[in-house]
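# Remarks on the overall topology
The chain contents come next:
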Number of protein chains: 2
Amino acid sequence: MNAQPVVKFGRHALRASIAVSAVLAVTVLFAQAQQDPLPSWNDTVTKQAIVEFVTDTTKEGSPTFVPPAERIATFDQDGTLWVEHPMYSQVIYCLDRVPALVAEKPELKDVEPFKTVLTGDREAIAKLPMEELEKLLAATLTGMTVDVFQAEVQKWIASAKDPRWKRPYTELTYKPMNELLGYLRDNGFKTYIVTGGGQDFVRVYSEKTYGIPPEQVVGSAGGTTYTYGKDGNPILTKEPKLLLNDNNAGKPEGIHLMIGRRPVFAAGNSSGDREMLEYTEAGEGPRFAMLLLHDDAEREYAYGPAQGLPDTKVGTFPQELYDEAMKDGWLVVSMKKDWGQILAPGQ
Amino acid sequence: MNAQPVVKFGRHALRASIAVSAVLAVTVLFAQAQQDPLPSWNDTVTKQAIVEFVTDTTKEGSPTFVPPAERIATFDQDGTLWVEHPMYSQVIYCLDRVPALVAEKPELKDVEPFKTVLTGDREAIAKLPMEELEKLLAATLTGMTVDVFQAEVQKWIASAKDPRWKRPYTELTYKPMNELLGYLRDNGFKTYIVTGGGQDFVRVYSEKTYGIPPEQVVGSAGGTTYTYGKDGNPILTKEPKLLLNDNNAGKPEGIHLMIGRRPVFAAGNSSGDREMLEYTEAGEGPRFAMLLLHDDAEREYAYGPAQGLPDTKVGTFPQELYDEAMKDGWLVVSMKKDWGQILAPGQ
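Here we summarise the structure given alongside this text.

Parameters at a glance
- Residues numbered from 1 in each chain as written.
- Chains lettered and ligands numbered in written order.
- Predicted model: local features only at pLDDT ≥ 70, side-chain atom pairs only at ≥ 80, totals over all residues.
- Heavy atoms only, no water.
- Axes fitted to C-alpha atoms, helices over the stretch in contact; angles between N-to-C directions.
- Helix = DSSP H or I, 4+ residues; strand = E, 2+ residues; numbered from the N terminus.
- Parallel < 35°, antiparallel > 145°, perpendicular 65-115°, else oblique.
- Contact = heavy atoms within 4.5 Å.
- Nonpolar A, V, L, I, M, F, W, Y, C, P; charged D, E, K, R; others polar.
- Buried < 20%, exposed > 50% of the residue type's maximum accessible area, 1.4 Å probe, protein only.
- Pairing = 2+ DSSP bridges.
- Right-handed = clockwise from strand over helix to strand, strands pointing away.
- Buried area = accessible area lost by both parts, 1.4 Å probe.
- Salt bridge = Lys/Arg side-chain N within 4 Å of Asp/Glu carboxyl O.
- Polar contact = N/O pair within 3.5 Å; in protein donor to acceptor, adjacent residues only side chain to side chain.
- Phe/Tyr/Trp six-rings, centres within 6.5 Å; stacked < 30°, edge-to-face > 60°.
- Expected span 1.5 Å × (residues − 1).
- Arc of directions from axis to C-beta.
- Least-squares fit on C-alpha atoms with pLDDT ≥ 70 in both.

Next up on the list: the packing of helix α11 (residues 250–258) of chain B against helix α12 (residues 274–281) of chain B. All names here are of chain B. At a minimum axis distance of 7 Å, the contact between α11 and α12 shows a crossing angle of 55 degrees. On the basis of the axis angle, α11 is oblique to α12. Here K251, P252 and I255 of α11 lie close against α12, whose contacting residues are E275, M276 and Y279. When the residues that make up the contact of α11 with α12 are grouped by side-chain class, the tally is four nonpolar, no polar and two charged.

Our focus in this paragraph is the pairing of strand β8 (residues 265–268) of chain B. All names here are of chain B. Here β8 shows no split at all, with F265 and A267 on one side and A266 and G268 on the other all buried. Both strand β2 (residues 72–75) and β8 contribute to a ladder of three bridges, which runs parallel. Note on β8: the bridge partner recorded for T74 is A266. The β-α-β motif built from β8, the intervening α12 and the parallel element strand β9 (residues 287–293) has right-handed crossover chirality.

This paragraph deals with the interface of chain B and chain A. On the chain A side, the residues contacting the 40 residues of chain B number 40 residues. Across the chain B to chain A interface the summed buried area is about 3,200 Å²; carbon plus sulfur atoms make up 50%. The partner of E207 of chain B in a salt bridge is R261 of chain A, and the shortest N-O contact between them spans 3.3 Å. The tally of links between chain B and chain A comes to 24 residue pairs in polar contact (both at pLDDT 80 or more). Taken together, the elements giving at least two residues each to the side of chain B that touches chain A come down to α8 (146–159), β5 (190–198), α10 (199–210), β6 (217–228), β7 (234–244), α11 and α12 of chain B. Across the side of chain B that touches chain A, the residue classes break down as 19 nonpolar, eight polar and 13 charged.

Residues and elements named next belong to chain A. In the structure shown here, the tally under the stated rule is 30 aromatic pairs over all chains. Between W82 and Y205 the ring centres are 5.2 Å apart and the planes differ by 25 degrees, which places this aromatic pair in the stacked class. Of this pair, W82 sits in the loop between β2 (72–75) and α4 (89–104) while Y205 sits in helix α10 (residues 199–210), placing them 123 residues apart in sequence. Among the residues examined, W82 registers a relative accessible area of 1% and is labelled buried.

All right, on to helix α3 (residues 45–58) of chain B then. Residue and element names in this part refer to chain B. Taking 1.5 Å of rise per residue, 14 residues should cover 20 Å, and α3 covers 20 Å from first to last C-alpha, within 8% of that figure. Burial analysis of α3 places 10 of its 14 residues in the buried class, the great majority of the element. For α3, the complete set of buried residues consists of T46, K47, Q48, A49, I50, V51, F53, V54, T57 and T58.

A few words now on helix α8 (residues 146–159) of chain A. Residues and elements named next belong to chain A. Over its 14 residues, α8 extends 20 Å from the first C-alpha to the last, a length consistent with the 20 Å expected when each residue adds 1.5 Å. Of all the positions in α8, only V146, F149, E152, V153, W156 and I157 are classed as buried. Buried positions in α8, seen along its axis, are confined to an arc of 135 degrees and lie on one side of it. Turned more than 90 degrees away from the buried face of α8 sit K155, A158 and S159, all of them exposed.

All right, on to the relation of the copies chain B and chain A then. Placing chain B over chain A gives an RMSD of 0.0 Å and needs a rotation angle of 180 degrees, together with 0.0 Å of translation along the axis. Such a turn and shift between the copies fits a two-fold axis.

Look at any regular strand and the pattern is simple: side chains alternate between the two faces of the sheet. All names here are of chain B. Because side chains alternate across β2, one face comprises the buried residues I72 and T74, and the other comprises A73 and F75, equally buried. Where β2 and β5 come together, four bridges link them in parallel fashion. Its bridge partner being in β5, T74 is matched across the sheet by Y192.

Here the focus is the packing of α4 of chain A against helix α7 (residues 130–141) of chain A. All names here are of chain A. Look at α4 against α7: their axes get within 9 Å of each other, and the N-to-C directions meet at 70 degrees. If you check the angle between α4 and α7, you find them roughly perpendicular. Only L136, L137, A139, T140 and L141 of α7 make contact with α4, whose side of the interface consists of Q90, Y93, C94, L95, R97, V98 and L101. Residues belonging to the contact of α4 with α7 are distributed by class as follows: nine nonpolar, two polar and one charged.

Let us now look at the pattern of salt bridges. A side chain with one charge may pair with a side chain of the opposite charge, provided their charged atoms come close. Inspection of the entire model under this criterion finds 34 salt bridges over all chains. Between E171 of chain B and R167 of chain B there is a salt bridge, and its shortest N-O distance comes to 2.9 Å. Here E171 of chain B and R167 of chain B have matching classes, each one buried. One connected set of salt bridges, linked through shared partners, spans K190 and R261 of chain A together with E207 and E215 of chain B.

Honestly, it's all geometry; don't read function into it.
Shown next as structure tokens:
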């Protein structure tokens, strides 16, 4: 692709070109297209960059055309597709499961970390050491059949509510990102979730929530064991054996394992996504790396050094990540400036 | 589905019903459909069973209708989609790689198993102990970047030829099975390969050979490691660390890991496929488990106790597997009786 025009939000991007008459261009583009596929995005250079990339990679005969089979788009979930603060939803699930677990096994009620979790004291819970947290995850995410786990998550998803918005967690998705997923799919991209969260957990609601089928969810994954139940029927049991830690370097490794192609488009919001964005952007031809900034304390949350705020354990975003994005020309999205709406209205 | 008609080649199949006027029914069916989607299949009860299953699971309003999203079909590769005798093609690849490997690392030429492989003495090679074979696989399938590996396999696939047919290995696919893959896809099924062979190996040619994209190939898979090359660009290196041994119980475990849904349709030909067929067949609602018999010594190969022949290490098929298929009503396909043509004509 060297001698051809480069549509690439990466090392060689002609970023200056984007800034020219952005609003006008977007207006003209959508006047032609009749309908704006990204109505929750403000008419900024960011939106224009997305529309230009999709247009240039999907127009037959374009020098930066990408064949449909290669249009792989990967999205981090927590903090990229839905709210991750103050705590990852899956961790809330694990905490919420403890009372039922202790009811089944009363001997756990005086054992850490279950004892602390049962007090409901979120500050004390937040201070639990990593090895205690791992016990919590193992006890609530493994040891049951995949069918039982799926049913438990389904039930929780249907009833649990986020305390700030008093709405189910699956309603706390970002409307602009759901529009982007749909826009990419309408243009022949295959959309994937590539999450540090549990693959089996996210697969329960991904189709309904994001239009992404279970087989297009890559996440942290444990092994299962195939045995036969009392009735002779096969059973798959979730084991506390980690096969893929789908964070940091684990993201491109997981993409290779589960998809086998390098993405053309990737979006993330924290240091756990860094390697996925680098890997995507380093491919030949047109590539798009998008990094989301949580900079809207009023409508959502603001965190991290890029906001002049202390970094956080949930969705870490060190200054170096921002510097790398700037240096390599990834598209940085400001939730505050680029998004007209963040959450879809309550139902 | 209990009170509804069961279209299931499984424990409760009404196998007797299939046998009634099969040829006539197939003829009528295709007279209506105008074009036979399975022209290389003889007009037997086997073909009728396939057509009936696909018709009954895809007709809107049918009591055994399967929604498109759930139409997952999984196929073993070696011996199910292409020839596996006298030796798995990937093993031939590993053997063929040895001279190039020794040219790069001359110190290997006096070390086992490379020393024996270099003699070209297939009988001596066949006697190499498992631990030596594992060294061979590790040396030829790992230690390079995923891109280098892909290029090497590509080159081999384009030039290597099977000694019996003097044709590239990718031409030794079964025409009836390729038709079946296409027929299922035309009816909204998502077709997957679920192979004991190397996932990275099969992904190189799966799209061109079977119309199955890399992301729909589940196979034995090793880990990779993400690092940066001298130019600072990301590199994924194949490691000799097995993440998934996609044989026997590893097949349903791999299906859960990589697809996350239980197949509706599965096909295999050896004991390595047993658990995949059981797992598929044990799901609720309509399911189809197909077991292929290698019983045509003239046009392909005949092997295994079900043919009254000794079992083989390549594509083992013990008598118990045949008995289980009979007991549980899996559809057993005879290559000799059910296939009008086995290989596509040479090009």
